[in-house]
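Here's the letter readout for the chains.
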Amino acid sequence: MMISTKGRYALRVMIDLAEHNTGAYIPLLDIAKRQEISEKYLESIVSVLSKMGFVDAMRGKGGGYRLNRAPDAYTVGSILKAIEGSLAPVACLDAHPNTCKRAAECRTLGMWQSLYRLIDDFFEGITIADLVRDESVGDFVI
């Protein structure tokens, strides 16, 4: 599993919105400048975040984006799943139930399921508030 640029940037957007959360809408241009990410690229990311209900959007003068919940209500896992679609390490775990015709005799399925649970539990255990508070993300410990 590899997290895409969109997934990483979505987390940066959510952290930025949390750090600058005054209740007002924050223009995308401001986020783009602070994060040094193309505004055009961010548009596609915040569009998904808005459609998935993670942020409120307002067009026009005074418009932009804002969180619609407290930063501790957003998990890294939920954001990544919204952007990436899945965090499954192998394709057969994307379908529920697993439709792989070899699932019954697959000797590695249990291993992949265990890895998937570890990944999911890890990312669901971290909130945007955690990332805002922790300046040493490289040493992040749950």
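What you see is a predicted model; the values in this text were computed from it and never measured.

A closer look at the overall build of the protein chain
For the protein chain, the count of helices and strands is six helices and two strands. Sequence-ordered secondary structure for the protein chain, helices as α and strands as β, is α-α-α-β-β-α-α-α. Over its C-alpha atoms, taken along the principal directions, the protein chain stretches across nearly 60 × 30 × 25 Å. Counting every position in the protein chain, which comprises 142 residues, the buried fraction comes to 35%. A sequence separation of at least 24 residues applies to 62% of the contacts in the protein chain between residues at least 6 apart. As displayed, the protein chain offers around 8600 Å² of accessible surface, 53% of which is attributable to carbon and sulfur atoms. When the 17 positive and 18 negative side-chain charges of the protein chain are each reduced to one mean point, those points stand 8 Å apart.

Section: the environment of K61
Its place among the elements puts K61 in the loop between β1 (55–58) and β2 (64–67). On the basis of relative accessible area, K61 is assigned to the exposed category, the value being 85%. Between the alpha carbons of K61 and P71 there is a distance of 25 Å; along the sequence they are ten residues apart.

Some remarks on the packing of aromatic side chains
Applying the stated criterion across every chain, the model contains three aromatic pairs. Seen in terms of ring centroids, Y9 and Y41 are 5.6 Å apart; in terms of plane orientation they differ by 85 degrees. Their pairing is edge-to-face. You can see Y9 sitting in helix α1 (residues 5–19) and its partner Y41 sitting in helix α3 (residues 39–51), a full 32 residues away along the chain. Consider the rings of F122 and F123, whose centres lie 5.3 Å apart with planes at 65 degrees: the pair is edge-to-face. Exposure remark for F123: the relative accessible area of 15% places this residue in the buried category. The positively charged end of R69 is found above the aromatic ring belonging to F54, 5.5 Å away from the centroid.

Considering the pairing of β1
Across a regular strand the side chains alternate sides, sitting on one face of the sheet and then on the other. As paired elements, β1 and β2 share four bridges and run antiparallel to each other. Within β2, the residue paired with M58 across the bridge is G64. Here β1 hands over to β2 after five residues, with G60 in that stretch at a positive phi of 90 degrees.

Some points on the nonpolar core
Among the nonpolar cores identified, the biggest contains 39 residues, and M14, L49, I79 and I128 are the most heavily contacted of them. For this core, the leading source of residues is α1, giving eight residues. Sequence-distant contacts of I79, defined by excluding residues within four places in its chain, comprise A10, L11, M14, L49, F54, Y74 and I128.

Definitions and limits used
- The written sequence of each chain sets the order in which its residues are numbered from 1.
- In view of the model being predicted, local features appear only for residues whose pLDDT reaches at least 70, and side-chain atom pairs are presented and counted only at 80 or more, with totals across whole chains, interfaces and linings using the full set of residues.
- Only hydrogens and water are removed before side-chain values are computed, so all heavy atoms of the structure are retained for them.
- Only DSSP runs of H or I with at least four residues qualify as helices, and only runs of E with at least two residues qualify as strands; both kinds are numbered from the N terminus onward.
- Exposure classes here rest on a 1.4 Å probe applied to the protein chains alone. A residue is buried below 20% of its type maximum, exposed above 50%, and partly exposed in between.
- In what follows, residue pairs with any heavy atoms lying within 4.5 Å of each other are defined as contacts.
- Each accessible area value is a Shrake-Rupley result obtained with a 1.4 Å probe; residue values ignore everything except the protein chains displayed when judging cover.
- Asp and Glu are treated as the negative residues and Lys and Arg as the positive ones, with His and the ends of the chain left uncounted.
- Positions of charges follow a simple convention, taking NZ of Lys, CZ of Arg, CG of Asp or CD of Glu.
- Pairing of aromatic rings covers Phe, Tyr and Trp, the last counted by its six-membered ring, and requires centre-to-centre distances within 6.5 Å; plane angles under 30 degrees mean stacked, over 60 mean edge-to-face, and any other angle means tilted.
- Think of it as a cone above the ring: NZ of Lys or CZ of Arg counts as a charge over the ring if it is within 6 Å of the ring centre and within 35 degrees of the ring normal.
- Any two strands are treated as partners once DSSP identifies two or more bridges connecting them.
- In this description, a nonpolar core means a group of buried Ala, Val, Leu, Ile, Met, Phe, Trp, Tyr and Cys residues linked to one another through side-chain atoms lying within 4.5 Å.

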